[in-house]
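# Observations on the model geometry
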Amino acid sequence: MIAAQLVPTPVGPLSLLSREGVLVAAGFTADPTEMFARLTPALQAEGLEVVDDLGAAASALRAYLAGDLDALDAIPVSQPGTPTRKRLHQTLREVKAGTTVSYAELAERAGLPRTAARAAGSACAQNLIAPFVPCHRVLPSGGGYGGYYYGVPVKEWLIAHESGAL
């Protein structure tokens, strides 16, 4: 069974979805079924149950929102993808709060050529576990915020929160 919890944040509700203590999805939506629909068919077959408290993941999120910017790092995550995509997602988790990288830098940190910036962008776009896998910390090299699955204002808020600007 996939357990889900809705946690309020300053930029709207965050749906957390967990399987046996491992986060399989998280996203800024008030409807956990939106995240559930993005899971693999095998995980969807397990069903979804909304719970009051997911434990460690919800506690880590509350700590992050309260200023412990490294709190999300300890939560185990799992999402599907090719070996390259998984490496990019792992590399995203190594980008420290309060810092940002370009898509080309992310690719390079993951052991890919800088020209693999598009692959890095695709990994960010397909990330199912925001902000625990912090794709919001990746910015276009040409400036600005670029896109964000949950909207640029959410990305701006996350970066400002992590930089201490709030």
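Residues numbered from 1 in each chain as written. Predicted model: local features only at pLDDT ≥ 70, side-chain atom pairs only at ≥ 80, totals over all residues. Heavy atoms only, no water.

## With respect to the sheet that holds strand E3 (residues 22-27)
- One open sheet accounts for 4 strands, arranged E3-E2-E1-E4; its pairing is mixed. Of all the strands in the sheet, the pair left with one neighbour each is E3 and strand E4 (48-50). Across the sheet, the mean angle from the axis of one strand to that of its neighbour is 25 degrees, orientation sign disregarded.
- In this sheet, E4 lies alongside strand E1 (residues 2-7) in parallel orientation, the contact comprising 3 bridges. Within E4, the position partnered with alanine 4 by the bridge is valine 50. (Pairing = 2+ DSSP bridges. Helix = DSSP H or I, 4+ residues; strand = E, 2+ residues; numbered from the N terminus. Axes fitted to C-alpha atoms, helices over the stretch in contact; angles between N-to-C directions.)

## A look at the packing of aromatic side chains
- Applying the stated criterion to the full structure yields 3 aromatic pairs.
- With centroids separated by 4.9 Å and ring planes inclined at 70 degrees, the aromatic side chains of tyrosine 149 and tyrosine 150 adopt a geometry described as edge-to-face.
- Residue classification places tyrosine 149 among the exposed residues on the basis of a relative accessible area of 54%.
- Following the ring pairs from residue to residue traces out a cluster consisting of Phe28, Tyr148, Tyr149 and Tyr150. (Phe/Tyr/Trp six-rings, centres within 6.5 Å; stacked < 30°, edge-to-face > 60°. Buried < 20%, exposed > 50% of the residue type's maximum accessible area, 1.4 Å probe, protein only.)

## With respect to helix H7 (residues 152-163)
- For H7, with 12 residues, the first-to-last C-alpha span of 16 Å sits near the 16 Å given by 1.5 Å per residue.
- Along H7, the residues that are buried comprise Val154, Lys155, Trp157, Leu158, Ile159, Ala160, His161 and Glu162.
- Where H7 is buried, its residues contact helix H3 (56-65), helix H5 (103-109) and strand E6 (138-139).
- Looking one or two places after H7, you find glycine 164, whose phi comes out positive at around 80 degrees. (Expected span 1.5 Å × (residues − 1). Contact = heavy atoms within 4.5 Å.)

## Thoughts on the nonpolar core
- Grouped together as the largest cluster of nonpolar side chains are 52 residues, with contacts concentrated most on Leu16, Leu17, Leu39 and Phe132.
- With 5 residues, the top contributor of residues to this core is H3.
- Among residues more than four places away in sequence, those in contact with leucine 39 are Ile2, Leu17, Val24, Ala25, Gln44 and Leu128. (Core = buried A, V, L, I, M, F, W, Y, C linked by side-chain atoms within 4.5 Å.)

## Here's the deal with the side chain of histidine 136
- Looking at the secondary structure, you find histidine 136 in the loop between helix H6 (117-125) and E6.
- You can call histidine 136 buried: its relative accessible area is 0%.
- A polar contact of 2.8 Å, which involves the side chain of histidine 136, links it to the side chain of glutamate 162.
- For histidine 136, the contacting residues outside a window of four places in its chain are Tyr64, Pro131, Tyr148, Lys155, Leu158, Ile159 and Glu162. (Polar contact = N/O pair within 3.5 Å; in protein donor to acceptor, adjacent residues only side chain to side chain.)

## Digging into the pattern of salt bridges
- Counted by the stated rule, this structure contains 4 salt bridges.
- Two residues, arginine 19 and glutamate 46, come together in a salt bridge whose shortest N-O distance is 2.6 Å. Of this pair, arginine 19 sits in strand E2 (residues 14-19) while glutamate 46 sits in the loop between helix H2 (41-44) and E4, placing them 27 residues apart in sequence.
- In this structure glutamate 46 comes out as partly exposed when scored by relative accessible area, which is 25%.
- Across the pair glutamate 162 and arginine 137 runs a salt bridge whose closest N-O atoms are separated by 2.8 Å. Here glutamate 162, found in helix H7, pairs with arginine 137, found in the loop between H6 and E6; they are 25 residues apart in sequence, far enough to count as distant.
- You can call glutamate 162 buried: its relative accessible area is 6%.
- With relative accessibility at 3%, the residue arginine 137 sits in the buried group.
- Through salt bridges that share partners, Arg19, Glu20 and Glu46 make up one connected network. (Salt bridge = Lys/Arg side-chain N within 4 Å of Asp/Glu carboxyl O.)

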